[in-house]
Amino acid sequence: METSQHWRLRKQRYALVGEVCPHCESKIFPPRDICPDCGEDAREMYQFSGRGEVYSHTTVYQAPSGHAENVPYPVAIVRLEEGPLVTAQLTDVGDQPIEIGTPVEMVTRKLGADGERGMLVYGYKFRPALVER
Amino acid sequence: MRPVSIVGTAQLPVQATTQLDLRQLGAQVVRGAMQEAGVERVDALFASNMLGDELQGQKHVAALIADESGLEGIEALQVQAAMASGSAPLRMAYLAVGSGEADLAVVVGVEKMSEGLAAPALSKALDAKEVADGATLISKNADLMRLYRKRYNVPEDGFVNFPVVAHHNARNNPNALFKDMNVNPRTVMKSRMIHDPLRLLDCSPICDGAAAVVLSPAEEARAHSPHPVRILSSTVATDRFRVGDRPNPLWLEAAHKSALKAYRLANVHRGDIDFFEVHDAFSIMACMQLEAAGFADQGQGWHLAEEKRISLRGDIPISTMGGLKARGHPIGATALYQVSEMVLQLRGRAGKNRVREAKIGMMSSVGGAGSTVITHILGI
């Protein structure tokens, strides 16, 4: 992606800002401006809490470009407590077994280097929740 | 629309690597299919190829193959739908011939995955933003398999007969990549874990291949072939692009929609389908397509494999010539292999793998992790 694209994505990438549909109240992440549930315009910003649980997960050994140096790495679908399912890497896992249902929370981490100029890209990952809920 | 038939087919053996380039691969099967149909000229060529841009630096393959095939000047277009690419030009050719715009059309699929890194390129069928976060096409299928096993209490070896049946069928297909390989449940469970819980033998292979078919109006089909096969319906549906945006990620809504529409347009019932060439790129995808098309309830598709009801003598045979799993999945060519194999089945020429008294077959092609699904029903 180009630098300008990263800049446009900064709110969703660094602060987990999505949208809430003013018509049917669906919480939407990542933002997409048209509500997938009711088809109406949805441009109202919504701040997600960053808390959720592992919905499913795996470990990647053959990475897409930009991630080759990180393999193997755990990647998950996380269910945010507000509802949406988000794809993200897991981090700070240590010896803790990851299972479907493991509580996690969002942190900002380096995702990798992008493009020929090797620009560092930061974004969200999820780690096992430090505080029991 | 006037009815449309398949009057010629050609397939090259699927190989781990071939010395032929895209234009040679394409021309060989175009000429082969035209020869079988007994035609020297077609009105249009529709081509399929997913990775040529990425791996060979080659776009624009339709005109390239038309030229190499000696079809100077004809209409030639490439049609794309990620891993469902082979079925996309098939549908366009069906529409072109059915509408009367063309009287004869050839559909060709080519793929050469042996050069460069195919696996990362396949992830481009997903949302690029998810890939930037570390997801891959394989990781999505691994996520789905883990979720499915947990939600429906499937034992670790619950999917094992999907690859076992596919490999068994491939042994009698001279064009299959794994025609010489013996696979039993133990082989599958001992195969390398590649994206936990996906094992190597849950996944279709990286390979090269090419296949083509010729379409004509049904009323003229017998002039070209003593055994034409009718395209009874051709449908496409899409789903929410990201797996995580779907109300139930374990339900392939696009497969469901396109299958139901295909039954309706072909005027057949699910029970009339004698065999189903599923897009078994991963065991979990085969399972979910069986459910989406109505052959099993949600969460029950794996029992069709467990009870071997998907084998050649079962009530819903799948992957009858090896499927994507064992014939091979040279992406852009895959659907044209499926069609060619279905034509063999429906003509009663599938040898030891013949599905007895097969009159109607269905095939599906899945783009990404179910974002696009294309279904065709063929019959005699």
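Because the structure is a prediction, the values reported are computed rather than measured.

## A few points about the overall build of chain A
For step 1, the next point in the chain: When its secondary structure is counted, chain A shows 2 helices and 8 strands.
For step 2, the next point in the chain: For chain A, the N- to C-terminal ordering of α and β elements is α-α-β-β-β-β-β-β-β-β.
For step 3, the next point in the chain: The C-alpha extent of chain A, read off along each of the three principal axes, is 45 × 40 × 25 Å.
For step 4, the next point in the chain: Evaluated residue by residue, chain A yields a buried proportion of 43% over its 133 residues.

## Quick look at the domain arrangement of chain B
Put simply, an interface is often sized by how much accessible area is lost when its parts join up.
Residues and elements named next belong to chain B.
For step 1, the next point in the chain: Domain annotation for chain B reports domain 1 (4-117 + 207-229) and domain 2 (121-200 + 230-379).
For step 2, the next point in the chain: Taken over C-alpha atoms, the centre of domain 1 sits 23 Å from the centre of domain 2.
For step 3, the next point in the chain: Each partner contributes residues to the interface: domain 1 has 49 residues there, and domain 2 has 43 residues.
For step 4, the next point in the chain: For the pairing of domain 1 and domain 2, the buried interface totals around 3500 Å² over both sides, and the portion due to carbon and sulfur atoms is 67%.
For step 5, the next point in the chain: Ranking the residues of domain 1 by area buried against domain 2 places Gln11, Met83 and Val229 at the top, with a combined share of 22%.

## Some thoughts on the interface of chain B and chain A
For step 1, the next point in the chain: Taken together, the contact between chain B and chain A spans 27 residues of the former and 29 residues of the latter.
For step 2, the next point in the chain: Carbon and sulfur atoms supply 54% of the area that chain B and chain A bury against each other, a total of about 2500 Å² over both sides.
For step 3, the next point in the chain: Applying the counting criterion to the chain B and chain A interface returns 2 salt bridges.
For step 4, the next point in the chain: Salt-bridge contacts for Asp37 of chain A lead to Arg240 of chain B; the nearest nitrogen and oxygen are separated by 3.0 Å.
For step 5, the next point in the chain: In this assembly, chain B and chain A are joined by 16 residue pairs in polar contact (both at pLDDT 80 or more).

## Re the packing of helix H7 (residues 137-151) of chain B against helix H11 (residues 283-292) of chain B
For step 1, the next point in the chain: Running from amino to carboxyl end, H7 of chain B crosses H11 of chain B at an angle of 65 degrees, the nearest separation of the two axes being 9 Å. When H7 of chain B is examined against H11 of chain B, the residues Asn141, Leu144, Met145 and Tyr148 of chain B are found in contact with a partner set consisting of Ile284, Met285, Cys287, Met288 and Glu291 of chain B.

## What about the pattern of salt bridges?
Between side chains of opposite charge, a pair can form when the charged atoms approach closely.
Residues and elements named next belong to chain B.
For step 1, the next point in the chain: In this structure the tally under the stated criterion is 23 salt bridges over all chains.
For step 2, the next point in the chain: With a closest N to O distance of 2.8 Å, Glu54 and Lys124 form a salt bridge. Highlighted residues: Glu54 in helix H2 (residues 52-55) and Lys124 in the loop between helix H5 (118-122) and helix H6 (128-132), separated in sequence by 70 residues.
For step 3, the next point in the chain: On the basis of relative accessibility, which here comes to 41%, the residue Glu54 falls in the partly exposed class.
For step 4, the next point in the chain: Residue Lys124 is classed as exposed on the basis of its relative accessible area, which comes to 57%.
For step 5, the next point in the chain: Between Arg199 and Glu156 there is a salt bridge; the shortest N-O distance is 3.4 Å. Taken as a pair, Arg199 in strand E6 (residues 198-199) and Glu156 in the loop between H7 and helix H8 (161-170) lie far apart in primary sequence, 43 residues in all.

## Details of the sheet that holds strand E10 (residues 360-367) of chain B
All names here are of chain B.
For step 1, the next point in the chain: Taken in spatial order, the 9 strands line up as E3-E2-E4-E7-E1-E8-E11-E10-E9 in an open sheet, and their pairing is mixed. Looking along the sheet, the strands with just one partner apiece sit at the ends: strand E3 (75-78) and strand E9 (275-277). In this sheet, adjacent strand axes meet at a mean angle of 25 degrees when their direction is disregarded.
For step 2, the next point in the chain: Inspection of the sheet shows strand E1 (residues 4-11) paired to strand E7 (residues 208-217) by 7 bridges, in the antiparallel sense.

## What to know about the packing of aromatic side chains
For step 1, the next point in the chain: A complete count under the given rule lists 8 aromatic pairs over all chains for this structure.
For step 2, the next point in the chain: With a centroid separation of 5.0 Å and 75 degrees between ring planes, the pair formed by Tyr46 of chain A and Phe48 of chain A is classed as edge-to-face.
For step 3, the next point in the chain: With relative accessibility at 23%, the residue Tyr46 of chain A sits in the partly exposed group.
For step 4, the next point in the chain: Plain terms: the ring middles of Phe276 of chain B and Phe295 of chain B are 5.7 Å apart, the flat faces sit at 40 degrees to each other, and that makes the pair tilted.

## Quick notes on the pairing of strand E11 (residues 372-379) of chain B
All names here are of chain B.
For step 1, the next point in the chain: Of all 8 residues that make up E11, 8 are buried, and the element is covered over most of its length.
For step 2, the next point in the chain: Burial along E11 is two-sided: the residues Thr372, Ile374, His376 and Leu378 and Val373, Thr375, Ile377 and Gly379 are all buried.
For step 3, the next point in the chain: Sheet analysis places strand E8 (residues 229-238) next to E11, joined by 8 bridges and oriented antiparallel. If you follow Ser234 over to E11, its bridge partner there is His376.
For step 4, the next point in the chain: Pairing analysis gives 8 bridges linking E10 to E11, with the strands arranged antiparallel.

## Quick look at the sheet that holds strand E1 (residues 17-20) of chain A
Residue and element names in this part refer to chain A.
For step 1, the next point in the chain: In spatial order, the strands read E2-E1-E3; together these 3 strands make up an open sheet with antiparallel pairing. What marks the edges here is a single partner per strand, and that holds for strand E2 (27-28) and strand E3 (44-47).
For step 2, the next point in the chain: Summarising the sheet, E1 and E3 pair through 4 bridges and their orientation is antiparallel. Counted as the bridge partner of Val20 is Glu44 from E3.

## As for the environment of Tyr124 of chain A
For step 1, the next point in the chain: Examined against the element boundaries, Tyr124 of chain A turns out to sit in strand E8 (residues 119-128).
For step 2, the next point in the chain: Residue classification places Tyr124 of chain A among the buried positions, given a relative accessible area of 4%.
For step 3, the next point in the chain: A sequence separation of 58 residues divides Tyr124 of chain A from Gly66 of chain A, and the C-alpha atoms of the two residues are 16 Å apart.
For step 4, the next point in the chain: Sequence-distant contacts of Tyr124 of chain A, that is, excluding residues within four places in its chain, are made with Gln12, Arg13, Leu16, Phe29, Val86, Thr87, Ala88, Met106, Val107 and Leu111 of chain A together with Asp133 of chain B.
For step 5, the next point in the chain: Only 3.3 Å separates the side chain of Tyr124 of chain A from the side chain of Asp133 of chain B, close enough to count as a polar contact.

Thresholds applied
- Residues numbered from 1 in each chain as written.
- Chains lettered and ligands numbered in written order.
- Predicted model: local features only at pLDDT ≥ 70, side-chain atom pairs only at ≥ 80, totals over all residues.
- Heavy atoms only, no water.
- Helix = DSSP H or I, 4+ residues; strand = E, 2+ residues; numbered from the N terminus.
- Buried < 20%, exposed > 50% of the residue type's maximum accessible area, 1.4 Å probe, protein only.
- Domains from an automatic or database assignment.
- Contact = heavy atoms within 4.5 Å.
- Buried area = accessible area lost by both parts, 1.4 Å probe.
- Salt bridge = Lys/Arg side-chain N within 4 Å of Asp/Glu carboxyl O.
- Polar contact = N/O pair within 3.5 Å; in protein donor to acceptor, adjacent residues only side chain to side chain.
- Axes fitted to C-alpha atoms, helices over the stretch in contact; angles between N-to-C directions.
- Pairing = 2+ DSSP bridges.
- Phe/Tyr/Trp six-rings, centres within 6.5 Å; stacked < 30°, edge-to-face > 60°.

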